[in-house]
Amino acid sequence: MVSPITSVDPGHRAPVFRLVDVDNDGRVLAAVTPAAIGNAFADLSAAVVNTTQLCEFTRKGRLRLLTATNTEATGRYIPGRRTVLVQHYWRAGGARQLSLLNLVASQLPAGLEGFHLLAHDQGVHHRLLHAHSAGFLYLAQPGDRYAPATLLFRPWMSAAREIAHDLPPGVMATCSDNGKHFAYYNPATATAHIIRPKDTITVDMPAAPTSLRLLPDGEHLYFTTASRAYVIREKTLRRLSIQVISGGFSHYGDFAIIRGEGSLQLVAKDASVLHSWQIKPTEYRHAIWAHASSYCAVDAGVAGAWRISMKSGKRRDVWPADAGVKS
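Below or above, wherever it landed, is the structure these notes cover. Owing to the predicted nature of the structure, the values given are computational and were not obtained by experimental measurement.

Each value, and the rule that gives it
Residues numbered from 1 in each chain as written. Predicted model: local features only at pLDDT ≥ 70, side-chain atom pairs only at ≥ 80, totals over all residues. Heavy atoms only, no water. Pairing = 2+ DSSP bridges. Helix = DSSP H or I, 4+ residues; strand = E, 2+ residues; numbered from the N terminus. Axes fitted to C-alpha atoms, helices over the stretch in contact; angles between N-to-C directions. 1 Å grid on protein atoms, 1.4 Å probe; cavity = no way out; pocket = protein on both sides within 12 Å on 5 of 7 lines; lining within 4 Å. Points joined across faces, edges and corners; volume = space filled by probe spheres on them. Nonpolar A, V, L, I, M, F, W, Y, C, P; charged D, E, K, R; others polar.

Let's talk about the sheet that holds strand β9 (residues 124-132)
- Taken in spatial order, the four strands make up an open sheet running β9-β10-β11-β12, and their pairing is antiparallel. Either end of the sheet is taken by a strand with one partner, and the two such strands are β9 and β12 (161-167). Neighbour-to-neighbour, the strand axes of the sheet open up by a mean angle of 20°, direction not taken into account.
- Relative to strand β11 (residues 149-155), strand β10 (residues 135-142) runs antiparallel, the two being bridged by six bridges. The residue bridging Leu137 from the neighbouring strand is Phe153, located in β11.

Some remarks on the layout of surface pockets
- Size it by volume and the second largest pocket reaches roughly 210 Å³.
- What lines the second largest pocket is a set of 14 residues, among which Tyr222, Leu240, Ile242, Ala268 and Lys269 lie closest to the centre.
- When residues of the lining of the second largest pocket are traced back to their parent elements, those giving at least two are β22 (255-259) and β23 (263-268).
- Of the residues contributing to the lining of the second largest pocket, the split by class is nine nonpolar, two polar and three charged.

Quick look at the sheet that holds strand β2 (residues 28-32)
- The strand order across the open sheet built from four strands is β1-β2-β3-β4, with neighbouring strands paired in antiparallel fashion. One side of each edge strand has no neighbouring strand; the edge strands of this open sheet are β1 (17-22) and β4 (63-65). Ignoring strand direction, the axes of neighbouring strands in this sheet form an average angle of 30°.
- For β2 and strand β3 (residues 53-57), the ladder comprises five bridges, and the chain directions are antiparallel.

Structure below.
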């Protein structure tokens, strides 16, 4: 799930920090403005340090700069591989492209010459929505921001295929981690659509979602709104009693991150509390789960961000973090 989670420093036009992914080993991927960190990257050009770049927070909490481009970048880990799928602009004023960045074989931080282009067309913007071991889901939209968009899924070893077309630009979409089922929210009709191999389910939505989670069975679509959490099973919509934060449902629906009274809590499917962290009230903007549900990372905007181990329940600050490269 791609989410525009941003904390903004008034001294910079670009976002200072945006949490974008966490891998199964606890590394955290974020879009960061290097200039906000101080003089740690003084050897880079002003265009690079004042533009949002992809950074990785290592398992020990150190910051590692992954990209060095003149235009902003964001992305997602590919589960099980030390590779990032990067969303970026090829040049200032150009269209958004999708590329691969190998974190082992590439010299880091990488410029555009270190990227391997995957999705690119003249004048067509590509917006990354979901990435997993089977492939990735994205929107393709002509340069006109009011033009209809096409939802596409591309398996890693074959060509992209169309999932839906003539969609409004503000569409939100996701897919199950086995790549067999897809779901999207159409803001023009306020409806959710679950696309399965043999049928499509359409359900009226009570409010615009802030996050979507489609389980691999294709039968359960969990989603959050600004104030509630819901699940759609077949054509039945049910409101949940727990206050799940945006992105708080794990990939298989077995865990959720919720707001407690003066705390952030990890709960199981039966709503039993597994771990609780006393955190002063703040706006928990978004949570992102590792695909194996081994770690979860929580973005709280200007209050910071944390990585949480599901096994131990330990919480570690990842933002702000010390700048440096893992030895």
